[in-house]
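# Per-entry structural report
So the chains spell out like this:
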Amino acid sequence: MSRKARATEIPAIGELDRQAGQLSLQLAKVLKNAIHKGELKSGDLLPSTRVLAGALSLARGTVLEAFEQLVAEGFLESKHGSGTRVAYAPEGPYPALKETAGAKIPLSAQARAFAKVGDQMKTLAPKPFAVSVPTGDTAPDDIWRRLGNRLRARGPGAPSGYGDPQGALVLREAICEYVRKSRSVRCSADQVIITSGNQHGLYLTLQILLDAGDTVWMEEPGYPGATSLFETMFRDRKMVRVAVDEEGMDVESGIKLAPHAKAAFVTPSHQYPLGMPLSMSRRAALLEWAQANQAWIIEDDYDSEMRYAGHPFPALQGLGPDNVIYLGTFSKILFPSLRLGYAVVPKQLVPAFCGARILMDRQPPGADQYVLASFISEGHLDRHLRKMRSVYAEKRRVLMAAVNEYIAPEVAWLQPCDQGMHMVLWLRDGLDDHLVVDRAMQAGVAVRAVSHMFTPENRKSGILLGLGGYSDEEIVRAVQRLNEVLCFSASLITPQNRQEPDYANIFRE
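A short tour of the structure in this document, coming up. Note that the coordinates shown come from a computational prediction; the quantities given were computed from them, not determined experimentally. (Residues numbered from 1 in each chain as written. Predicted model: local features only at pLDDT ≥ 70, side-chain atom pairs only at ≥ 80, totals over all residues. Heavy atoms only, no water.)

### Quick look at helix H12 (residues 367-377)
- Among the residues of H12, those classed as buried are Gln 369, Val 371, Leu 372, Ala 373, Ser 374, Phe 375 and Ile 376.
- Considering only its buried residues, H12 is in contact with helix H5 (141-154), helix H6 (169-183), strand S3 (192-195) and helix H13 (380-406).
- Residue Gly 379 follows H12 closely and has a positive phi angle near 90°. (Buried < 20%, exposed > 50% of the residue type's maximum accessible area, 1.4 Å probe, protein only. Helix = DSSP H or I, 4+ residues; strand = E, 2+ residues; numbered from the N terminus. Contact = heavy atoms within 4.5 Å.)

So this is what it looks like as structure tokens:
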């Protein structure tokens, strides 16, 4: 007479939390832990679902559901007439996880490079002088809400299906008309690619234009969001830093350094971070070089609308549309959370941009595209920009007056600039802008360092002062606090036995 296999005794399960619900998941977790700990071994026969349900005062269906989950995950196996057995268990007890100081997995060079970028470009607290914080007086809240409600009332609440990787046609048409009138850009709607902002557009562009080993010109100093791409994502492509002077990028220097570069990245209407435009003679020289060498020009037009003396400078793209990829964004002139920008590209590049877009994120989000299209086509953007220029011109005047009054010119001075949403404050020799940034943050002032926008051998110390988001009183008070930080930091250039002050108490209002 054959003996029936005897079921293994289940380890002490304890009380399940009946108020928390999901008892089948709780039971499955307990059984899984018993397998990991070696209390249940491979081949062990478990009690029937009826027996186990009775022992635990559970519905049989609850136990059956837990068994089915563990069978699906590969921990148990069930055969008709043979019961349910443990299918998998580690050899020996499952090692307990322990907190071990310093026993971390070494990071790759790529991870360290990204971490550095994250630290340098992290979002600043909304305090003076954080860059790209919109001024409350100019926020288009009411109009944006009204347009959004109107569009949602007319269309489906949750549109289905995939859209065009180039973006909504109605928005591309509105952008095409806007840049034609305001920036002298020459294009049609089928050349416009909707992006998630300038950084996204720049990543797509570099991915498409450059092969391994290709060289690109970058401004010196320059936008860290561009230079950091070559220090992280495009290490197999070469970046050559080209000096900037009062006329913008020095094209002759670029030709000497890398005459056969594949592309040049420039901010011709408002150089980042210094603010000067690229002169007409330099624009002509850059276009002549690009056309002669079959090279591309990547034009970042990030906040060119904000010029306070005269009209905004026309885009470089209008002079050479076959060689220029034009990048624009609405994040700064409307609000950063919008995450909508655009690239205007030569027609031969449109299929490549569509393919790259499909692989990256398929298409831009839909809802805000239609709101933005209405915002532009109904004239709200033009009125918004006129208001912004007026408001930011006054903020700029208040900032310049406060710096002139409270900060000694032998300690720090402003870079001359008549446009944009930030200004550069240069620091005297010996002042470390990164230390100044840290001390200013303790004092309730949010600024960014400029030195990492240079190569190490050409590094200059300075900080960015954003114009938006703050009242006149906040600007003046922040300049006074910044002056205290700068004076203390300057006093440390000559070593003295001084203890760093408690900024939180010194600057308490």
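### Considering the side chain of Thr 195
- Counting through the fold element by element, Thr 195 comes out in strand S3.
- Within polar-contact distance, the side chain of Thr 195 engages the backbone oxygen of Gly 197 at 3.1 Å.
- Beyond its immediate sequence surroundings of up to four residues, Thr 195 is in contact with His 200, Gly 201, Arg 339, Leu 340, Gly 341, Tyr 342, Ala 343 and Arg 357. (Polar contact = N/O pair within 3.5 Å; in protein donor to acceptor, adjacent residues only side chain to side chain.)

### With respect to the pairing of strand S10 (residues 341-344)
- Neither face of S10 is left uncovered, since the one carrying Gly 341 and Ala 343 and the one carrying Tyr 342 and Val 344 both have all their residues buried.
- With 4 bridges joining them, S3 and S10 adopt antiparallel strand pairing. Of the residues in S10, the one forming a bridge with Ile 193 is Ala 343.
- Note: strand S9 (residues 324-329) against S10, 4 bridges, orientation antiparallel. From the neighbouring strand, Gly 328 faces S10, where its bridge partner is Tyr 342. (Pairing = 2+ DSSP bridges.)

### Brief notes about the sheet that holds strand S14 (residues 462-466)
- Taken together, the 4 strands give an open sheet; going across it, the order is S11-S12-S14-S13, and neighbouring strands pair in antiparallel fashion. Of all strands in the sheet, those with a lone pairing partner are strand S11 (412-414) and strand S13 (448-449), marking the two edges.
- As paired elements, S11 and strand S12 (residues 422-427) share 3 bridges and run antiparallel to each other. For Trp 413, the partnering residue across the bridge sits in S12 and is Trp 426.
- Relative to the sheet, H13 contacts S11, S12 and S14, its axis offset from that of S12 by approximately 15°. (Axes fitted to C-alpha atoms, helices over the stretch in contact; angles between N-to-C directions.)

### Some words on the nonpolar core
- One finds Phe 330, Leu 334, Leu 425 and Leu 486 to be the most contacted residues of the largest nonpolar core, which totals 69 residues.
- For this core, the element with the highest residue contribution is H13, accounting for 8 residues.
- Apart from the residues within four sequence positions on either side, Leu 334 is in contact with Pro 134, Pro 140, Trp 144, Leu 372, Phe 375, Leu 381 and His 384.
- Listed in part, the 26 residues of the second largest apolar core include Tyr 203, Ala 226, Trp 296 and Cys 354. (Core = buried A, V, L, I, M, F, W, Y, C linked by side-chain atoms within 4.5 Å.)

### Here's the deal with the layout of surface pockets
- Each pocket or cavity is described by its volume, and for the largest pocket that value is around 920 Å³.
- Forming the walls of the largest pocket are 35 residues, and the residues nearest its centre are Met 121, Ser 132, Tyr 223, Lys 332 and Arg 448.
- If you list the elements that add at least two residues to the lining of the largest pocket, you get helix H4 (109-120), helix H7 (198-209) and helix H8 (224-232).
- By residue number, the principal contributor to the lining of the largest pocket is H8, which donates 5 residues.
- For the lining of the largest pocket, the residue count by class is 17 nonpolar, 13 polar and 5 charged. (1 Å grid on protein atoms, 1.4 Å probe; cavity = no way out; pocket = protein on both sides within 12 Å on 5 of 7 lines; lining within 4 Å. Points joined across faces, edges and corners; volume = space filled by probe spheres on them. Nonpolar A, V, L, I, M, F, W, Y, C, P; charged D, E, K, R; others polar.)

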